[in-house]
Structures are given as C-alpha cells and as structure tokens.
Amino acid sequence: MTDLQAAVRRTLPRGRKVLLIVPDNTRTAPIGAVYRAIVEHVGPVDVIFALGTHPPMSTEAMLRRLEIEEPPPSTKLINHAWDDPTRLLNLGKIDADEIDAISGGRFRMAVDVTINRAILDYDLLAIVGPVFPHEVVGFSGGNKYLFPGIGGPELLHFFHWLGAVITCPKVIGHKDTPVRRVIDRAARMVPTERVAFCIAGGKVFAGTPEDAWSRAADESARQIVTLDRPYERVVACAPEMYDEIWVGGKCMYKLEPVVADGGELVIYGPHIERFSATHEDAIRRIGYHTRDYFLAQWDRFKHVPWGILAHSTHVRGIGTYEDGIESPRIKVTLATGISHELCESVGLGYLDPSQVVLRSDEKTLVVPNAGETLFRLADPPGWAS
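Residues numbered from 1 in each chain as written. Predicted model: local features only at pLDDT ≥ 70, side-chain atom pairs only at ≥ 80, totals over all residues. Heavy atoms only, no water.

In this section: the nonpolar core. Ranked by size, the top nonpolar core spans 99 residues in total, and within it Leu146 and Phe147 carry the most contacts. At eight residues, helix α5 (residues 153–166) tops the list of elements feeding residues into this core. Beyond its immediate chain neighbours, meaning those up to four positions away, Leu146 contacts Ile21, Ile115, Leu125, Ile127, Gly151, Ala187, Val190 and Arg194. (Core = buried A, V, L, I, M, F, W, Y, C linked by side-chain atoms within 4.5 Å. Buried < 20%, exposed > 50% of the residue type's maximum accessible area, 1.4 Å probe, protein only. Helix = DSSP H or I, 4+ residues; strand = E, 2+ residues; numbered from the N terminus. Contact = heavy atoms within 4.5 Å.)

Here it is, written out as structure tokens:
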C-alpha cells in the first residue's frame, strides 16, 4: 500500500456520500493520483471544481484535471457558479464586531457567507488541492477551496480587498494572516463534515482542513527561494496554464519582492491575450493601480467589486499616491498577446514578446514556469515584511 492509499484509508470512511472538491487547471498538483486513490477506496464520488470566479470548465478539461478518459457511471462533474444566486446557500453572516477583530480594525462590517448549495446533498466534503504561497491569503489550500473555491461573491470580494489593503508582500508566504482567519471562520459555518488532502513539496497531508493545511503550509514554506540581492529586471515566464492576466498575475506576485526599487517586472507569456474572461470590462475600465490610488479616491471606486480592485493592486504592486500623483515602486510590463495600446490604456508597460531575451545576467533574472514559487530577499525591506 502506498503512503497516499494509506492516507486515504485513514481519512475517508466507507459508506459515506462524498463530494470531492478540486481546483481547476491553473494549479499544479497530482489531482488525478489522489482522485484514483479515493475512488479505489470508497467507490465513485461526485466532483465539484472550485473555480472561484474562474470561467466554467468544459467536460474535456474536467477529465484532464482528473486524469481520466471518462467518469465512472453515475458520477457528477460540477462547475461551481459563484454568481448564480439560485445555486448558493446562505450560511449567515460574520458580524461586524468579529470582522473588526479579525481584520485588526481595518474593517467594521457584517459579511454574508454563501456557498454552493450542492454541499447539502453529501455526508462528507473532501478537499483536494495544492498549497502554495498566495497573494491574498498567505498560503493557498485547505478551506480556501471552500471560500472562494465554491463560495459566493460577498465574502470573496471582502477578503480579497482585505488582503490588498494589507498588501500582497506583507501577506504572501505568511501562514497566519487576517484573511486566513476570515476563511477559517466562514468554514466553521459549513454544516457538512470536511476533510482535506493538501499537497506540498511532493507530499500529501491528510486530516481536517485546518490541520492538513497547516502541515502542508509548513512544507510549502520550505520551498520559498531566498535571494541575497534584488535584480533591476525580472522576467517571469508564464506557463501555458495561465491563459489570462487574472491568473498570470501570479508571476508578478511571486517575484515582486526581488525586484529592485525603480526596476521592472516583465510578465512573459505570448499565449496570453486577455486580462480576464470574467472581469475583462471592469479591468479595462479601472486599469491597474496601486492600493493607495484607490484608497485616496475611495468614493470613486468603492462600488467596483472589491476582488477586481484587489487584482488591480496586486498586479501593479507597491506604490504611493500623493498630491494626485501615483508613484509605483516598479514598472510592470506585459510581453504577451495583449496589444501595446491596450497595455498602455490600463497603466502597464508593453514589450514585444519576440524581443524578449530569456537569459539571466548580472542585472536580469529570468524565471521559467513562474507563478507558484515565491522569491524573497534574505533581508527584506519594510514594505515586504
């Protein structure tokens, strides 16, 4: 018996109706191996894909994610629909006092907690997914596959903006964050029993979502790359699984800490031709800006969905906005299939992908398959620690 099979047998009792919760194809993980081990032990299980606000997956894409040619008989493959109220179950609210305490006084507001109502049809939720440093929550995985994975918009937009207000560099790669505490608090409202198989460093950690995630996050932290100095220019090569800036922005998040002040971060991905399948219009309308740009003009921007504001600031990075002048710390440039004109219209630089030299030197760091490995400085500046 393999370690994976043993973990599945210890964690999943037979005779329960199980709903498997897995990520889409924008996360690297051996989902197929875990899926097969679970089916071998408990029989066919239904699967819901924790899309958050990502676009629906085709049946072919779902099968590729599970690494199977066709699902077992009577198996449901479910796309989560975050913006369809008829498919969401309201679990109640996290009240303003608790949000105030969890957020360290940054927000005082009640937040609705909604989740895909399919959970009511099952005895057990089994979360399967990787744990990486994450720009919003600190480390991905665990209960994050519930919220925002199969959750509704209210909590999603709130905690994304909470993370953005704290700033990405102060959150990413940190285990205990206000955003993680919000997500775990919401998870305690879920009425269905939960277990998790969290993957990090080639290992699978099984148990409750909180415990399995905690051990996986510790392992994931050991994969962080520490550099002695920053680089004037960092070229982050986006893998094919990032087909839009909404997810390709992870190349920026994971490498911003090692770009020198006044330097440049290039997201290289000739295959990327849009900002977001879901939020394209809103992103084009507001552009990419620093956190302080939005906070200084809050009445103007507060009605934009907060998750979109958070994405904007994460891609644009750290900066200031004083006396009507925005001063980003670094330049962010797209070497993608997005046009020069469109890049400039949203406040980003443009570079012809064919002109990019993919070679590191004294001033330039080229990172292949960027987006999942976090790079940090051994002695980080105040804005990053």
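So much for the structure itself; the text now carries on.
Glancing now at helix α14 (residues 306–316). A large share of α14 lies buried, amounting to 11 of its 11 residues. The set of residues buried in α14 consists of Trp306, Gly307, Ile308, Leu309, Ala310, His311, Ser312, Thr313, His314, Val315 and Arg316. Note on α14: the residue one or two positions beyond its end, Gly317, has a positive phi of about 90 degrees.

So, about the side chain of Thr290. Looking at where Thr290 falls in the secondary structure, it is placed in the loop between α11 (280–286) and α12 (291–296). Setting aside chain neighbours within four positions, we find Thr290 in contact with Thr313, Arg316, Gly317, Ile318, Gly319, Thr320, Glu326 and Pro328.

This next bit is on the sheet that holds strand β12 (residues 231–237). Pairing is parallel across the open sheet formed by five strands, whose spatial order is β17-β16-β13-β12-β18. The open sheet has two edge strands, β17 (349–350) and β18 (364–367), and neither has a second partner. (Pairing = 2+ DSSP bridges.)

Running from amino to carboxyl end, helix α1 (residues 3–11) crosses helix α2 (residues 31–42) at an angle of 55 degrees, the nearest separation of the two axes being 9 Å. The orientation of α1 relative to α2 falls into the category oblique. Relative to α2, the crossing made by α1 is right-handed. Residue-level inspection shows Leu4, Gln5, Val8 and Arg9 of α1 in contact with α2, the latter providing Ala33, Val34, Ala37, Ile38, Glu40 and His41. Along the lines of polarity and charge, the residues of the contact of α1 with α2 split into six nonpolar, two polar and two charged. (Axes fitted to C-alpha atoms, helices over the stretch in contact; angles between N-to-C directions. Parallel < 35°, antiparallel > 145°, perpendicular 65-115°, else oblique. Left-handed = near helix turned anticlockwise from the far one by under 90°. Nonpolar A, V, L, I, M, F, W, Y, C, P; charged D, E, K, R; others polar.)

In this section: the packing of α5 against α14. Running from amino to carboxyl end, α5 crosses α14 at an angle of 30 degrees, the nearest separation of the two axes being 7 Å. By the angle class used here, α5 and α14 are roughly parallel. Taken as a pair, α5 and α14 cross one another with a handedness that is left-handed. Contact residues: α5 offers His157, Phe158, His160, Trp161, Gly163 and Ala164, while α14 offers Trp306, Gly307, Leu309, Ala310, Thr313 and His314.

Turning to the pairing of strand β14 (residues 319–322), a few remarks are in order. Pairing between β14 and strand β15 (residues 325–328): four bridges, direction antiparallel. Paired with Thr320 across the strands is Ser327, a residue of β15. If you look at the hairpin formed by β14 and β15, you'll find two residues sitting between the two strands, and Asp323 has a positive phi there, around 55 degrees.

Here the distance between the centres and the angle between the planes together describe a pair of aromatic rings. Tallied over the entire structure, the rule returns 10 aromatic pairs. Seen from their ring centres, Tyr293 and Phe301 are 5.7 Å apart, and the 50 degrees between their planes marks the pair as tilted. Each member of the pair, Tyr293 as well as Phe301, is classed as buried. Through a chain of ring-to-ring contacts, three or more aromatic side chains come together here, namely Phe107, Phe158, Trp161, Tyr293, Phe294, Trp298, Phe301, Trp306 and Tyr321. Residue placement shows Lys17 over the ring face of Tyr122; its charged tip is 5.2 Å from the ring centre. (Phe/Tyr/Trp six-rings, centres within 6.5 Å; stacked < 30°, edge-to-face > 60°. Lys NZ or Arg CZ within 6 Å of the ring centre and 35° of its normal.)

It is worth spelling out the sheet that holds strand β3 (residues 77–79) at this point. Overall, mixed pairing links the six strands, which are arranged β3-β2-β1-β6-β9-β10 in an open sheet. At either margin of the open sheet sits one strand with a lone partner, and together these are β3 and β10 (203–207). For this sheet, the mean angle separating the axes of adjacent strands, direction not counted, is 20 degrees. Of the pairings in the sheet, the one linking strand β1 (residues 18–22) to strand β6 (residues 124–130) comprises four bridges and is parallel in character. Considered in β6, the bridge of Ile21 is made with Ile127.

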